Amino acid sequence: MTQAKINSFLMGVLLAICTIWLLVPFTMAILWSLVDPAQPWTPDHLLPPQMSTYRWTNMWENSALKPALLNSYTLAPITAIVTLLLAMPTSYCLARVPFPGREVAKLLVLLPLVVPGFVTAIFFTAILFQLGLTQSRFLAILIAHCVLFLPYAIRTLTVGFEQVRQDHIDAARDLGASPIARFRAAYLPALRPSIFASLLIVFIQSIEEFAIAFIVGSPDFTTVPTLLFSRLGQDFIRPDAAVLSLILVVPNVILMLFLEALLKSANPTLSSGKG
Amino acid sequence: MTWRRCATVLLLLMPGLGLIVSLIGMVVYVAIAQSFGLYNLNGDSVFTVAHWAEMLDRKLYTRAVTYSIYIGVWSAILAVAFAYPLAIWLRKPFRGSIIIGAILKAPLLVQGLVAAFLFINVISYHGIFNQLMQAIGLWDEPRRLQNDRGAIGVLFLQTWKNMPFALLLLTGAVQAIPDDVLDAARDMGAGTFARFRKIIAPLSLSAMQAALVIIFIGAVADFSFQVIAGPTNRQSLAQLMVFVRQTSWHEAAVVGVTLMVIALAGSLLLAIAARLILKGPFSR
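- The name that an unreviewed UniProt entry assigns to chain B is Spermidine/putrescine transport system permease protein PotB, with the source organism given as Pacificibacter marinus.
- What the UniProt record of chain B gives under Sequence similarities (unreviewed entry) is the line "Belongs to the binding-protein-dependent transport system permease family. CysTW subfamily."
- The Subcellular location (unreviewed entry) comment attached to chain B in UniProt states, word for word, "Cell membrane".

- Chain A carries the name Putative 2-aminoethylphosphonate transport system permease protein PhnU in an unreviewed UniProt entry, which gives Pacificibacter marinus as its organism.
- Taken from UniProt, the Sequence similarities (unreviewed entry) comment for chain A reads in full: "Belongs to the binding-protein-dependent transport system permease family."

Now the structure itself:
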């Protein structure tokens, strides 16, 4: 067999596996979310006997979905912006200011990724208790999310700052630009894709994050993942879990594809670890 | 370096790196201190090793340790083992290779809890997998597959979720190997396996180590896959930590510190083992 034939054969096999890998699970989830409670889906039916959007409207009206969505989608953009602002100076320093120990600093940035999420969550709560700062769950989760996702933002922005060209900065300076004008003329154009990428990565991570939201937020602060977890655990209702899974996964897939396109147009994808 | 410059660097690092080091440092410090009886939230703090002694004595704890290591090591090995052939196959672009790459990377986009739900939905008692096995006559009746005792479900989920990540790292490393090197090996009569063993694997070692370590750390600390799809007669360390915290912060701290030590030591051992196996003890 020629290489081309082998490739097309392997590709056929792989496409078949991927159908099983992705298509079947998601189809099942969509079908389960459409099961009408009037007629249960029994194993002797290939498709649900009666389909309706009852589960979707019911979840929307009679569960904690609305507050969870509100929490998730206010937390994520604020986290993304705050993290970006916090990451900027460090990234600038790591990319453009040579100093002894810079490589060590770059490694230390990764610290939040090395400590297991649940350890961070539990002992962050212990610190909050110790300091008596338990009034605002929202604020506590916000702080933890910012720290947890700073590595992604710093890594992405460091690559961005490295790509700013020194002659552009020098030219702007020679022409008498103020620091702000210099930033806008020389830095911003090269930096823009990294800024968007950082915002998107942190936004997605914050929406998906479970450990912190679950431990720090429990019992009364819910996000979409913690709500899904409760529907997978003590009160397992398959159609409800299907609805929540789809609500969690669909927007993120769209955002991620957007991110991929963005990164492809800009810089090496590996800085995100998600490329 | 002048003082002024030094101060500038410190000021610049403060909001980003400074915040990371202080908060994560505090978290690690509080965990260690609490495991020795300090930072008591409900009474007097007394330095003691009693909590360690008590936990080390409990079967629940030792079983959680071995179970978490089992999950961590196997998840890392399986994900990398599946990713390697795919990375080598996708080394040279061909018609459709971009689509294949995209499909293979898709699980990266699926949140862990959603993945767990999709999985238990497919393998449920009257689920599509059981139906299929009955339809083709392999099984006479449906089998209970969820929460299986060997934790095959958890390992499957970990591999499903992490293989794309290993693939991402390995593809880059494998693509960086020049054709000349592989052609030379082929000319000298190296077979497929010898080329992998002597050329590809050593040259992509650091990517493989990174993949092994990152997947290991994630899987050893797994909570959600274990709670949803894991065996009900044992607990992972993260699960145990959440569970014992309801009664004692200090015992939870013992489990937390154990988890960090295992993550760190296990990562080092895995990286060293990969190096020794692929490069031999004496080469550099």
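Alright, that's what it looks like, and here's the rest.
**Things to note about the packing of helix α3 (residues 59–89) of chain B against helix α13 (residues 249–279) of chain B**
Residues and elements named next belong to chain B.
Moving on, step 1. Packing of α3 against α13 brings their axes to within 11 Å, and their N-to-C directions diverge by 35°. Handedness of the crossing formed by α3 with α13: right-handed. Residues V65, S68, I69, G72 and A76 of α3 form the contact with α13, whose own contacting residues are T258, I262, G266 and L270.
Moving on, step 2. Of the residues belonging to the contact of α3 with α13, the class tally is five nonpolar, four polar and no charged.

**Notes on the nonpolar core**
Moving on, step 1. In terms of nonpolar packing, the biggest core is built from 155 residues, with A:F118, B:A116, B:A166, B:L170, B:A211 and B:M241 touching the most fellow members.
Moving on, step 2. Per element, the largest residue contribution to this core is 14 residues, and it comes from helix α7 (residues 137–162) of chain A.
Moving on, step 3. The two domains that each donate at least three residues to this core are domain 1 (1–35) and domain 2 (51–279) of chain B.
Moving on, step 4. Look past the residues within four positions of B:A211 in its chain and what remains in contact with it is B:V80, B:F165, B:A166, B:L169 and B:L170.

**A short note on the UniProt feature "transmembrane region" (unreviewed entry) in chain B**
Residue and element names in this part refer to chain B.
Moving on, step 1. What UniProt calls "transmembrane region" (unreviewed entry) maps, in this numbering, to residues 7–32, 67–90, 102–123, 203–229 and 249–278.
Moving on, step 2. Between the first and last C-alpha atoms of residues 67–90 the distance is 34 Å; the span itself is 96% helix and 0% strand.
Moving on, step 3. Regarding residues 102–123, the helix share stands at 68% and the strand share at 0%, and the terminal C-alpha atoms are separated by 25 Å.

**Remarks on the UniProt feature "transmembrane region" (unreviewed entry) in chain A**
Residue and element names in this part refer to chain A.
Moving on, step 1. As recorded in UniProt, the feature "transmembrane region" (unreviewed entry) lies at residues 12–35, 75–95, 107–131, 137–154 and 241–263.
Moving on, step 2. Across residues 137–154, helical content stands at 100% and strand content at 0%; the span's end C-alpha atoms are separated by 25 Å.
Moving on, step 3. In this annotation, residues 241–263 is assigned 100% helix and 0% strand; the end-to-end C-alpha distance for the span is 33 Å.

**Focus: the confidence of the model for chain A**
Moving on, step 1. With 96% of its residues at a pLDDT of 70 or more, chain A shows a mean pLDDT of 87.
Moving on, step 2. Taken element by element, the predicted model of chain A shows its lowest mean pLDDT in helix α1 (residues 3–33) of chain A (82) and its highest in helix α3 (residues 65–96) of chain A (95).

**Observations regarding the confidence of the model for chain B**
Moving on, step 1. Per-chain confidence: chain B averages 90 in pLDDT, with 98% of residues scoring 70 or above.
Moving on, step 2. Taken over the whole predicted complex, pTM reads 0.87, whereas the ipTM for its chain interfaces reads 0.87.

**A few points about the packing of α3(B) against helix α10 (residues 205–220) of chain B**
Residue and element names in this part refer to chain B.
Moving on, step 1. Where α3 contacts α10, the axes come no closer than 8 Å and their chain directions differ by 145°. Between α3 and α10 the crossing geometry is right-handed. Taken together, the residues of α10 that come into contact with α3 (itself represented by S68, I69, I71, G72, V73, S75, A76, A79 and V80) are M208, A211, L212, I215, F216, A219 and V220.
Moving on, step 2. Taken together, the residues that form the contact of α3 with α10 break down as 13 nonpolar, three polar and no charged.

Calculation criteria
- Residues numbered from 1 in each chain as written.
- Chains lettered and ligands numbered in written order.
- Predicted model: local features only at pLDDT ≥ 70, side-chain atom pairs only at ≥ 80, totals over all residues.
- UniProt positions renumbered as here; feature names shortened; annotations may be inferred.
- Axes fitted to C-alpha atoms, helices over the stretch in contact; angles between N-to-C directions.
- Helix = DSSP H or I, 4+ residues; strand = E, 2+ residues; numbered from the N terminus.
- Left-handed = near helix turned anticlockwise from the far one by under 90°.
- Contact = placed C-beta atoms within 7 Å.
- Nonpolar A, V, L, I, M, F, W, Y, C, P; charged D, E, K, R; others polar.
- Core = buried A, V, L, I, M, F, W, Y, C linked by C-beta atoms within 7 Å.
- Buried ≥ 20, exposed ≤ 12 C-beta atoms within 10 Å, placed from the backbone.
- Domains from an automatic or database assignment.
- pLDDT = per-residue confidence, 0-100.

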